[in-house]
Amino acid sequence: MHEVPIAAEGKLRTFAEAGMISPADFHLARRMTARDEHEDALLAFALATRELRHGSVCLPLAEAPLLKAGLDAEEGAEQPESALEWPDPASWHDVVAASAAVADGGPFTFVDGRLYLTRFHRQERAVARALARRRELPLDEGFTVLPGGGDPDEQQDRAVAAALRHRTSVITGGPGTGKTTTVVRIINSLGRRRPVSAALAAPTGKAARQLDEAVGAHLEPGAVSELHSGTLHRILGKRVRGTDATYHAGNPLPYDVVVVDETSMVSLEHMASLLEAVGPDTRLVLVGDPHQLRSVEAGAVLADIVANPSLLQLGSVVELRTNRRSQPDITALADAIDAGDTKGALEVIDGATAITWHDFDGHSIAGQPLFRSDVVGTARAVVTAAGAGDARAALDAMNRHRVLCAHRVGHYGVQGWARAARDVIAAELPEYGMARHYVGQPLLLTQNTETFSNGDVAVIVARDGELVAAIDQGREPTLVPPVLLDDASDLHAMTIHKAQGGQYDTVSVVLPPPGSPLATRELVYTAVTRARTGLRIYGSREAFAEAVATPVRRASGLAVSS
Ligand SMILES: Nc1ncnc2c1ncn2[C@@H]1O[C@H](COP(=O)(O)OP(=O)(O)OP(=O)(O)O)[C@@H](O)[C@H]1O
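Residues numbered from 1 in each chain as written. Predicted model: local features only at pLDDT ≥ 70, side-chain atom pairs only at ≥ 80, totals over all residues. Heavy atoms only, no water.

Under an unreviewed UniProt entry, the name given to the chain is RecBCD enzyme subunit RecD, and the source organism is Tessaracoccus oleiagri. Its UniProt record gives the chain the following Subunit (unreviewed entry) comment, quoted word for word: "Heterotrimer of RecB, RecC and RecD. All subunits contribute to DNA-binding." Regarding the chain, the UniProt comment filed under Sequence similarities (unreviewed entry) reads as follows: "Belongs to the RecD family." (UniProt positions renumbered as here; feature names shortened; annotations may be inferred.)

## A closer look at the overall build of the chain
In terms of regular secondary structure, the chain is built from 18 helices and 19 strands. Relative to the 2.2 N^0.38 estimate, which gives 24 Å for 562 residues, the radius of gyration of the chain is 25 Å and therefore close to what a compact globule would have. C-alpha atoms of the chain, sized along the principal axes, occupy 70 × 60 × 45 Å. With 562 residues in all, the chain has 56% of them scored as buried. For the chain, restricting intrachain contacts to residue pairs at least 6 apart in sequence, the fraction spanning at least 24 positions comes to 73%. About 24,300 Å² of surface is accessible on the chain, with carbon and sulfur atoms providing 51% of the total. Across the chain, the 55 positively charged side chains and the 70 negatively charged ones have centroids separated by 4 Å. (Helix = DSSP H or I, 4+ residues; strand = E, 2+ residues; numbered from the N terminus. Rg over C-alpha atoms; globule rule 2.2 N^0.38 Å. Buried < 20%, exposed > 50% of the residue type's maximum accessible area, 1.4 Å probe, protein only. Contact = heavy atoms within 4.5 Å. Areas by Shrake-Rupley, 256 points an atom, 1.4 Å probe, with all protein chains shown as cover. Lys, Arg positive; Asp, Glu negative; His and termini not counted. Charge placed at Lys NZ, Arg CZ, Asp CG, Glu CD.)

## Things to note about the site of the ligand
Lining the immediate environment of the ligand, one finds 14 residues, of which Asp 151, Lys 179, Thr 180, Thr 181 and Arg 325 sit closest. Residue Asp 151 places a main-chain N or O atom 2.7 Å away from a nitrogen atom belonging to the ligand. Between the ligand and Thr 181 there is a distance of 2.5 Å, counted from an oxygen atom to a side-chain nitrogen or oxygen. When the ligand is considered free in solution it has 630 Å² of accessible area, and contact with the protein chains removes 70% of it. Sorting elements by how many residues they give to the shell around the ligand places helix α7 (residues 179-191) first, with three residues. Partitioned by chemical class, the residues of the shell around the ligand number one nonpolar, eight polar and five charged. (Near = heavy atom within 4 Å. Polar contact = N/O pair within 3.5 Å; in protein donor to acceptor, adjacent residues only side chain to side chain. Nonpolar A, V, L, I, M, F, W, Y, C, P; charged D, E, K, R; others polar.)

## Considering the packing of aromatic side chains
Under the defined criterion, the tally for this structure stands at nine aromatic pairs. Following the ring pairs from residue to residue traces out a cluster consisting of Phe 360, Phe 371, Tyr 412, Trp 417 and Tyr 538. Seen from the ring of Phe 143, Arg 193 lies directly overhead, with NZ or CZ sitting 3.9 Å from the centre. Directly above the ring of Trp 357 sits Arg 541, whose terminal nitrogen or CZ lies 5.0 Å from the centroid. (Phe/Tyr/Trp six-rings, centres within 6.5 Å; stacked < 30°, edge-to-face > 60°. Lys NZ or Arg CZ within 6 Å of the ring centre and 35° of its normal.)

## Structural notes on the pattern of salt bridges
Side chains bearing opposite charge may pair, as long as their charged atoms lie close to each other. This structure, assessed with the given rule, holds 24 salt bridges. Measuring nitrogen to oxygen at the nearest pair gives 3.4 Å for the salt bridge that ties Arg 192 to Glu 220. Residue Arg 192 is located in the loop between α7 and β5 (196-202), and its partner Glu 220 is located in the loop between α8 (205-216) and β6 (224-231); the two are separated by 28 residues in the primary sequence. Accessibility expressed as a relative area gives 54% for Arg 192, which makes it exposed. One salt-bridge network, held together by shared partners, links Asp 140, Arg 167 and Arg 283. (Salt bridge = Lys/Arg side-chain N within 4 Å of Asp/Glu carboxyl O.)

## Some points on the pairing of β6
Both β5 and β6 contribute to a ladder of seven bridges, which runs parallel. Along β6, the bridge assignment pairs Val 196 with Val 224. You can see the chain leave β5, run along α8 and come back into β6, and the turn it takes is right-handed. (Pairing = 2+ DSSP bridges. Right-handed = clockwise from strand over helix to strand, strands pointing away.)

## Remarks on the packing of helix α12 (residues 328-338) against helix α13 (residues 342-351)
Helix-helix packing: each pair is described by the crossing angle between the helix axes and the interaxial distance. Running from N to C, α12 and α13 point in directions that differ by 165°, and their axes come no closer than 8 Å. Regarding the angle of α12 to α13, the classification is roughly antiparallel. Viewed along their axes, α12 and α13 form a crossing whose handedness is left-handed. Between α12 and α13, the residues in contact are Asp 329, Ala 332, Leu 333, Ala 336 and Ile 337 and Gly 344, Ala 345, Val 348 and Ile 349, respectively. Each residue belonging to the contact of α12 with α13 can be placed in one class, and the counts come to seven nonpolar, one polar and one charged. (Axes fitted to C-alpha atoms, helices over the stretch in contact; angles between N-to-C directions. Parallel < 35°, antiparallel > 145°, perpendicular 65-115°, else oblique. Left-handed = near helix turned anticlockwise from the far one by under 90°.)

## Some thoughts on the UniProt feature "binding site: ATP" (unreviewed entry) in the chain
Under the present numbering, the feature "binding site: ATP" (unreviewed entry) in UniProt falls on Gly 173, Gly 174, Pro 175, Gly 176, Thr 177, Gly 178, Lys 179 and Thr 180. Take Thr 177: it is sitting in the loop between β4 (168-172) and α7. The class for Thr 177 is buried, based on a relative accessible area of 3%. Among residues more than four places away in sequence, those in contact with Thr 177 are Gln 156, Leu 320, Arg 321, Thr 322 and Asn 323. On the secondary structure map, Thr 180 appears in helix α7. Taking relative accessible area as the criterion, Thr 180 reaches 29% and is therefore assigned partly exposed. Ignoring sequence-local partners within four residues, the contact set of Thr 180 consists of Leu 211, Ala 214 and Val 215.

This is the structure:
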C-alpha cells in the first residue's frame, strides 16, 4: 500500500494509490500552484516533480502515460498502473499551458511539450548556451598527436586528436578502454608546445585522487607548469555546499586544460556551474562511461551529448572500445547488456568460464558454496596482511573479491549479504567480527572530511600492538585511530551505486528480485563491469532479463535540442 496524502482527491488520489506520485510530489505541486488549479494540471506538476526526483530534468507530457510506479515503490500497487485514467493528451497540454504556474516567472516552465521546474530549465538552457558558444570557437590545428607507448589503437589516436583540435571534447568508454592513458597523451601532446596548466576533476574525491595518481605518474617532464586535482566542487572553488563558487563566468578557471573524469556521475547543476566557469581559451575534456548509472541528482549531460553529438563540434565525441583490462567473457557480457540483447547476454554467461550463474531466490545466502569460499578466502588474506601490519597488502587483498548488491536492505540487499558474509567468515576465522574493531575489518567511509572522502575504503590493521585504521588513499595508506571512523559502514558488501568507478578481481553481483524498480540495464552493466577476472551472478534469470530490457529513462531537452 502506498502512502497517500490525506488532501489528495479524485484523480490525484488514484495516482497516489497506484504509486505514481508520492505525498512529497503532491504537496510540492500543491504548494507551488494556485488553490483552484485544474486537477489535470496539478497531476502534471506532481508527475514533473516525481520525475525530477528520479533524475529526469523534465517531464515530456506526451510520454507521461508510459511512466511506471515509483522507484520507491516497495510493494505491489493497490491500483495497477494500467487501470489509470490519463487525461486526454491534447486537452492536458492545453490545461498545463494555460496554468498560471507556467507563466513567466512561475515555478514551472512548459516548452515544446516538456514540463520543467523553472530552476532546472534555467540550468539546462545555461548548459545548452555554453555548449553552443563553445561550438563556435575556432579549431586548433597546430598540435601534433604524440604516439602512445602501447599497442596501436585508432580510437585512442582519434580521441587525442579530437581533444587537441576542439575546445570541448568528449571521450567515452567502459573500464579499461584507455581513457586515462588517452588523457595522459593529451596533456603530454599539449605540453610539447609549452608547459600547460591543467586541472583534473572528478565528481568524487576518490575518483579525483585515482585520476591524479594515474595521470601524474605518466606525464613527461616539463609537460605541465601546474597540475591541480580535486573534486569538481573543489576545482570550482566551492568550499561548502550551497556557497558561491570562486570560479564563474566573471572569473574563469585559470587553466589551459580542464579534464573531468567520471562525467556520467556529474549532475546538470554541476555541469552548468562548470561550463559557466570554463573560459573560451580553456580546453575542456569530458571523460566517462555514459552506459553506467547516472548521477544521483537530476541530469545526464554526458549521455545527452552522446545521444545528440551536434551539441558539440563535428568529430569531437570519440568512443574507446577496446577493453584491455577485463577478461574477454566479462567484456562480451557488458557489450550484450549495453545492446539490450538479453538472449546474447545469457548465452555469454552460459558459455563463459570466468562467469558463473547462481540461482538465488532470497533464501540461504550462506548456503552458496562459492560465496563461502570467496568471502572466506578474501578475509583470510586481509586478516593475514592486517595482522602483520601491512596496510597496503591488506587493502589490496580487499580488492580480490567484492559483493555488490542492488538493494541496501533485505535478503537481496547489502545488509543481508554483509551479515551472511560475516557469519560465514566468523565460523572459519577465530575472533573475526567479535569486537567493535578487529584486525582485518573492512570499512566503507561515508563522510567527507579534510582527511578522507565519502566512498573511501579502509581496513583495521595491527601496528605495534594497537589497532589502527588504514585508509586507501593511493600507494601510501593514511593511518588514523579507528575511533575517527565511527560512522563507517561494514564493507562485507556494498551497493552497486557506491562501487561506481572501482574495479575488483572477482565480483559477486546480487541482482534485485524480479519486479524491483531498481532493475535497470545501467545497474547491471555497472555491476558486471566492476569485475576484472571473475564474475558470479546471484539472482533469477527473470530478474536479469527484466533489467537488461529496461534502460533508464532520463528525459531532458538537451538530448533533443539542436
Ligand atoms: N594502446 C594501448 N596499448 C596497450 N595497453 C594499453 C593501451 N591503452 C591502455 N592500455 C592499458 O590498459 C589498461 C587500462 O587503461 P586505462 O587505465 O587508461 O583505462 P581507463 O579507461 O582509464 O580505465 P578505468 O575507466 O577503469 O580507469 C592500463 O593498464 C593501460 O596501461
